[in-house]
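Fold and contact review
Listed below are the residues making up each chain.
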Amino acid sequence: MIVSTQTQPAKASGTFSLSGRLPVTRLGFGSMQLTGPGVWGDPKDPDEAVRVLRRAVELGVDFIDTADSYGPVVAEPLIRKALHPYPADLVIATKAGLTRSGPNDWRPVGRPEYLRQQAEMSLRHLGLERIPLFQLHRIDPKVPLEEQVGELKLLQDEGKIAHIGLSEVDVDQLEAARSVTAIASVQNLYNLANRSAEKLLERAEAEGIAFIPWFPLATGELAKPGGPLAELAERHGASASQLALAWLLRRSPVMLPIPGTSSVAHLEDNIAAAGLELTDAEFAELTDAVG
């Protein structure tokens, strides 16, 4: 089947294969913003949340990132409501390891029995027999890392999850986890204005591990009138968000940005970034803009 980047513009971002075996379109969708304020409770407009998810798939997105803690237990059921039965090529990545005690309150819990329970709950909430990518949302400093990752390996051996990922780790933690089992992805804060995870990105690229940047659209001073992002966006007839995503896609072939939104219009604007090509000079200009 021939896929048109006009009808499915996300496909223009190219593909990446998780663990070399599970292909996904590089520009995905993150579901965190489909919940209430503080990532707590139901969305203000549940019908629009469903429309956003369905439109994302229509536009060619086949990689959706979520977590049990988004809501909590709001984003996963929304995904099931909107998209189940799922398209054959849809890859859903979820996470466990952060508990919630209120809006904007996140507390790591990595006890093996808890991670197992949450994996079972995600299977139920998403309506899946196996989770394509299951990520440790945070490393719990109270629990040995090998026990946390080891439980995910047991779940993988049992066929309940296909691939294992990590979130908010450094290079040493990644290597410690890789001594227990294969790691398909890492998900860290990273964007044009915040590249504190650069060393992790470099290691991920060297090892063929997917790098999923969360908060990919933070552009800060760069997007203000007269700033380099705003000026370049005007030259391209594009939005600052589109340019920030285009920079991420150009930055590394292992990069899988997952911009999220609760608006169909904003979603369509983000997805259009897949077709935006930066010249070497433009990429360098943006890269250098943050020193």
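Rules used in this analysis
Residues numbered from 1 in each chain as written. Predicted model: local features only at pLDDT ≥ 70, side-chain atom pairs only at ≥ 80, totals over all residues. Heavy atoms only, no water. Buried < 20%, exposed > 50% of the residue type's maximum accessible area, 1.4 Å probe, protein only. Helix = DSSP H or I, 4+ residues; strand = E, 2+ residues; numbered from the N terminus. Pairing = 2+ DSSP bridges. Arc of directions from axis to C-beta. Contact = heavy atoms within 4.5 Å.

With an unreviewed UniProt entry as reference, the protein chain is termed Putative oxidoreductase, source organism Actinacidiphila reveromycinica.

**Some points on the pairing of strand 1 (residues 15-18)**
The two faces of strand 1 differ: Phe16 and Leu18 on one face are buried, but Thr15 and Ser17 on the other face are not. In terms of strand pairing, strand 1 meets strand 2 (residues 22-25) through four bridges, oriented antiparallel. Of the residues in strand 2, the one forming a bridge with Ser17 is Pro23. Between strand 1 and strand 2, which pair antiparallel one after the other, the connecting turn spans three residues, and Ser19 there sits at a positive phi close to 55°.

**A look at helix 2 (residues 75-83)**
Along helix 2, the residues classified as buried are Ala75, Glu76, Leu78, Ile79, Ala82 and Leu83. Angularly, the buried residues of helix 2 cover 160° about the axis, an arc narrow enough to put them on a single face. Check the buried side of helix 2 and you find it contacts helix 1 (46-58), strand 4 (63-65), strand 5 (91-96) and helix 3 (112-126).

**Comments concerning unusual backbone geometry**
Following Gly71, the chain continues into Pro72 via a peptide bond in cis, with omega recorded as -10°. Note on placement: Pro72 falls in the loop between strand 4 and helix 2. Note that the residue after His84, namely Pro85, is joined by a cis bond; omega there is 0°. Positionally, Pro85 belongs in the loop between helix 2 and strand 5. In this model, Ser19 sits at a positive phi of 55°, which is unusual for a non-glycine residue. Considering the arrangement of structural elements, one finds Ser19 in the loop between strand 1 and strand 2. Here Glu168, not a glycine, exhibits a phi torsion of approximately 55°, which is positive. With respect to the element layout, Glu168 can be found in the loop between strand 9 (161-167) and helix 5 (171-178).

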